[in-house]
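Each chain, written out:
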Amino acid sequence: MDEHTDHDKELRIGLVLYGGVSLAIYIYGVVYEFLRLLRSYPSADSQGEGFRPESRAYRRLLELAHTRPVIDIISGSSAGGINGICLGVALATQGDLKPLETLWVKKGDLLELIDRKSSKPRSLLDSEHYVYLLEEALRSISATASPSAGPAPLLDVFVTATDLDGVTQTFGPPLTTQEIEERQYGTVFHLKVRPDRYALRDDTPGSDRQTVFDRLGLEEHLSR
């Protein structure tokens, strides 16, 4: 086996990202470092897809440990959910997370995101503007993908969100003596990367990939 791809074991990672508006840029730093770790794994070529010189310390650590890092599952809520979705897109497309840094540092000022247009807003933040910024970040991440990137990894992303309208559930016999209605506001989005089933390559309006970005932007919005 090639010395650059030889490993004795895999470090399988389930990444849990908690929420918090003010922690968005901090959590971004966490997912960015995990992305650097994964892309520092020695591949058959001298550098490896996505390898950067500043990641030499990660590469050396992996070589010494004879270990290959793999992220199988990402879960998060609020700011953690948004960063988790973007990490998933970067892993699936071999894109760069730098556009997300731009979003948080230059466009993520809470005072700029507050809804000042609606007299009775349902949410503190300006939803339409917020979704636009998220979709823009997702497309920018994908646009940085390398044409020579290898196949996407198998990946599952779970994002918790709040459904403002809620879903009514009815419980009755034999659980209760009479019917009881309860409204549930919590929901979970399960996003999957299955490269053997589909390949998203087309960014044109109306394409499957465009639809995915629109949906991801909506789910990121709901997550916050």
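Thresholds applied
- Residues numbered from 1 in each chain as written.
- Predicted model: local features only at pLDDT ≥ 70, side-chain atom pairs only at ≥ 80, totals over all residues.
- Heavy atoms only, no water.
- Helix = DSSP H or I, 4+ residues; strand = E, 2+ residues; numbered from the N terminus.
- Buried < 20%, exposed > 50% of the residue type's maximum accessible area, 1.4 Å probe, protein only.
- Contact = heavy atoms within 4.5 Å.
- Arc of directions from axis to C-beta.
- 1 Å grid on protein atoms, 1.4 Å probe; cavity = no way out; pocket = protein on both sides within 12 Å on 5 of 7 lines; lining within 4 Å.
- Points joined across faces, edges and corners; volume = space filled by probe spheres on them.
- Nonpolar A, V, L, I, M, F, W, Y, C, P; charged D, E, K, R; others polar.
- Pairing = 2+ DSSP bridges.
- Axes fitted to C-alpha atoms, helices over the stretch in contact; angles between N-to-C directions.
- Core = buried A, V, L, I, M, F, W, Y, C linked by side-chain atoms within 4.5 Å.

(A) Main features of the overall build of the chain. When you go through the chain residue by residue, the secondary structure sums to seven helices and four strands. Each helix and strand of the chain, placed in order from N terminus to C terminus, yields the pattern β-α-α-β-α-α-α-α-β-β-α. Split into buried and exposed, the 224 residues of the chain put 39% on the buried side. At a minimum sequence separation of 6, the contacts of the chain that also span at least 24 residues come to 71%.

(B) Looking closely at helix H4 (residues 98-107). Within H4 the residues assigned to the buried category are Pro 99, Leu 100, Leu 103 and Trp 104. Projected down its long axis, H4 carries its buried residues within an arc of 140°, all on one side. Opposite its buried face, H4 presents the exposed residues Val 105 and Lys 106, each directed more than 90 degrees away. For H4, the secondary structure elements touched by its buried residues are helix H1 (24-39), helix H3 (79-93) and helix H6 (127-143).

(C) A look at empty space enclosed by the protein. Throughout the structure, instances matching the rule amount to one cavity of 30 Å³ or more. For the largest cavity, the full set of lining residues is Leu 103, Trp 104, Lys 107, Gly 108, Leu 113, Tyr 130, Leu 133 and Leu 134. Contributions of two or more residues to the lining of the largest cavity are made by H4 and H6. Its residues assigned to classes, the lining of the largest cavity comprises six nonpolar, one polar and one charged.

(D) Broad picture of the sheet that holds strand E2 (residues 67-77). Overall, mixed pairing links the four strands, which are arranged E1-E2-E3-E4 in an open sheet. Pairing within the sheet leaves two strands with one partner each, and these edge strands are strand E1 (9-17) and strand E4 (180-193). Recorded for the sheet is a direction-independent mean angle of 20° between the axes of neighbouring strands. Sheet topology note: the E2/strand E3 (residues 155-171) ladder contains five bridges and is parallel. Bridging from a neighbouring strand, Ile 74 pairs with Val 157 of E3. On top of the sheet, H1 reaches E1 and E2; it is set at about 165° to E1, its chief contact.

(E) How the structure looks around the nonpolar core. Counting 40 residues, the largest nonpolar core has Ile 71, Ile 74, Leu 87 and Leu 97 as the members making the most contacts within it. Of all the secondary structure elements, the ones that give two or more residues to this core are E1, H1, E2, H3, H4, H6, E3 and E4. Dropping the residues within four chain positions of it, Ile 71 is found in contact with Ile 13, Leu 15, Phe 34, Leu 38, Leu 87, Leu 154 and Leu 155.

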